[in-house]
Amino acid sequence: MLEIRDLHSFYGDAHVLHGASLDVRPREVVALLGRNGMGKTSLIRSVMGLSTPQVRGGSVAWKGEAITGLRAHEVAERKIALVPQGRRLFPSLTVTEHLTMLKPARNAASWTVERVFSLFPRLAERRNNRGNQLSGGERGMLAVGRALMLDPELILMDEPSEGLAPVMVQHLEGVIAGLKAEGLGILLVEQNLYSALAVADRVYVLETGRVVFEADAAAVAADPDRLTRYLGVH
Ligand SMILES: Nc1ncnc2c1ncn2[C@@H]1O[C@H](COP(=O)(O)OP(=O)(O)OP(=O)(O)O)[C@@H](O)[C@H]1O
Ligand SMILES: [Mg+2]
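A few points on the structure. (Residues numbered from 1 in each chain as written. Chains lettered and ligands numbered in written order. Predicted model: local features only at pLDDT ≥ 70, side-chain atom pairs only at ≥ 80, totals over all residues. Heavy atoms only, no water.)

**What to know about the coordination of the magnesium ion (ligand 2)**
Octahedral six-donor coordination of a metal ideally yields angles of 90 or 180 degrees, compared with 109.5 degrees for tetrahedral four-donor coordination. Operational definition: Atoms are scored as donors when they are N, O or S and lie within 2.8 Å of the metal, with 3.2 Å used for Na, K and Ca; no water is included, so coordination may look incomplete. The secondary structure listing takes helices from DSSP runs of H or I that are at least 4 residues long and strands from runs of E that are at least 2 residues long, numbered from the N terminus.
Within the protein, the atoms that donate to the magnesium ion (ligand 2) are Thr41 (OG1) and Gln85 (OE1), at distances of 2.0 to 2.2 Å. In this pair, Thr41 is assigned in helix α1 (residues 40-48) and Gln85 in the loop between β6 (80-83) and α3 (95-100), connecting sequence segments 44 residues apart.

See below:
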């Protein structure tokens, strides 16, 4: 469904992706792991067509169509949504305004504000709070809710559990499992190996801009030592 091949990306002269390749197949949750600064966010931003980093080699295909070099809005039109690392909300807009501002009016969408609120009841309670009046965890939920309002077929989630309390991490795992059951594909950047294994079908590890490890999540769960040496955890 998503095929990333030999991607090379740069911030100015700094070469940060060195031929990264990975796939997300239909209805699959794929975890992208790796230590800080290894290129996870850069990979996701490259797929999304954001202005940085700049893609200078390789290809991204989505449902058989080359989307390399498309602008971010053109990628979003193809129903690929991003939950950005660090959330990037608008300080002065309310929760409800964040959820409604992106709504493409043209399709009979399956996602509504009320459906997002039923998924994240905490957001419903905070619906009139502004972006700068939300906790870190609430910002994370809102970032996921905003992505869903685009009715995506694929969501790129960049550390959605960052800053969430353990009970909310579990809730998010349930949300991800529910989205997968509805047929969405998910590429999930996750620092926590065990949280990733709880939801992922397959796992990739990125090291200095290259995929250095790839396996089924079940195989990793059975023998995590194969993977933990890449992550610097024990
Ligand atoms: N805007 C930027 N300009 C220049 N270099 C950048 C920029 N953003 C990231 N980098 C560099 O690119 C490399 C990859 O960074 P990236 O943010 O993709 O890592 P990451 O795997 O997402 O890390 P983390 O787990 O900390 O989020 C790092 O060496 C980083 O310093
Ligand atoms: Mg990152």
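**What about unusual backbone geometry?**
Selection criterion: The cut-offs for exposure are 20% and 50% of the maximum accessible area for each residue type, with area from a 1.4 Å probe on protein chains only; residues under the lower value are buried, those over the upper are exposed, and the others partly exposed.
Looking along the chain, the bond that leaves Thr52 and enters Pro53 is cis, with omega of -5°. Here Pro53 is to be found in the loop between α1 and β4 (54-62). We note that Asp6 has phi near 50°; this positive angle belongs to a residue other than glycine. By the element assignment, Asp6 lies in strand β1 (residues 2-11). Phi at Thr208 takes a positive value of approximately 35°, unusual for a residue other than glycine. Its location among the elements puts Thr208 in the loop between β9 (202-207) and β10 (210-216). Of the residues examined, Thr208 reaches a relative accessible area of 46% and is grouped as partly exposed.

**Description of the nonpolar core**
Formally: To qualify as a nonpolar core, a set must consist of buried Ala, Val, Leu, Ile, Met, Phe, Trp, Tyr and Cys residues joined through side-chain atoms within 4.5 Å. Whether two residues are in contact is decided by their heavy atoms, any of which lying within 4.5 Å being enough.
Counting 49 residues, the largest nonpolar core has Met157, Leu179 and Leu227 as the members making the most contacts within it. Sequence-distant contacts of Leu227, that is, excluding residues within four places in its chain, are made with Leu33, Leu193, Val203, Val205, Phe213 and Val220. Judged by nonpolar contacts, the second largest core, of 26 residues, contains Leu2, Leu22, Leu32 and Leu154.

**A closer look at the environment of Tyr230**
By the element assignment, Tyr230 lies in helix α10 (residues 225-231). With 35 residues separating them in the primary sequence, Tyr230 and Ser195 have C-alpha atoms 17 Å apart. When near neighbours in sequence (up to four residues on either side) are disregarded, Tyr230 contacts Arg35, Val205, Glu207, Val212 and Phe213.

**A few points about the sheet that holds β6**
The following threshold applies: Here, any two strands with at least 2 DSSP bridges between them count as paired. Note on definitions: angles span 0 to 180 degrees between N-to-C directions of axes, and those axes are lines fitted to C-alpha atoms, for helices only across the stretch in contact.
Taken in spatial order, the 6 strands make up an open sheet running β6-β7-β8-β3-β9-β10, and their pairing is mixed. A strand with exactly one partner marks an edge of an open sheet, and here the two such strands are β6 and β10. Looking at each pair of strands side by side, their axes are set apart by 15° on average, direction ignored. Packing against the sheet, helix α6 (residues 136-148) makes contact with β6 and β7 (154-158), and its axis sits at approximately 170° to β6.

**A closer look at the site of ligand 1**
How we decide: One heavy atom within 4 Å of a molecule or strand makes the whole residue count as near it. Polar contact is the term for a pair of N or O atoms within 3.5 Å; when the atoms are in protein, one must be able to donate a hydrogen and the other to accept it, and sequence-neighboring residues count only if both atoms are side-chain atoms. Only the protein chains shown count as cover for residues, with accessible areas throughout obtained via the Shrake-Rupley method and a probe of 1.4 Å. Gly is put with the polar residues, along with every residue not named as nonpolar or charged; the nonpolar set is Ala, Val, Leu, Ile, Met, Phe, Trp, Tyr, Cys and Pro, and the charged set is Asp, Glu, Lys and Arg.
As a matter of local geometry, ligand 1 sits amid 13 residues, with Gly37, Lys40, Thr41, Ser42 and Gln191 nearest to it. Contact between ligand 1 and Asn36: an oxygen atom at 2.9 Å from a side-chain N or O atom of the residue. Note that an oxygen atom of ligand 1 is positioned 3.3 Å from one of the side-chain N or O atoms of Glu159. Isolated, ligand 1 exposes 630 Å² of accessible area, and the fraction of that covered by the protein chains is 60%. In terms of residue count, α1 provides more of the shell around ligand 1 than any other element does, 3 residues in total. Grouping the constituent residues of the shell around ligand 1 by class yields 3 nonpolar, 7 polar and 3 charged.

**Thoughts on helix α7 (residues 166-181)**
Selection rule: One less than the number of residues in a helix, times 1.5 Å, gives the span that helix is expected to have. In this description, one arc is meant: the one made by directions from the helix axis to the C-beta atoms.
For α7, built from 16 residues, the straight-helix expectation of 22 Å at 1.5 Å per residue is met to within 8% by its first-to-last C-alpha distance of 23 Å. Listed as buried for α7 are Met168, Val169, Leu172, Val175, Ile176 and Leu179. Along the axis of α7, the buried residues cluster in a sector spanning 115°; they form a single face. Among the exposed residues of α7, those oriented more than 90 degrees off its buried face are Pro166, Val167, Gln170 and Ala181. The inward-facing, buried residues of α7 contact β3 (29-33), α4 (113-119), α6, β7, β8 (185-189) and α8 (193-199). Positioned one or two residues after α7, Gly183 has a phi angle of 105°, which is positive.

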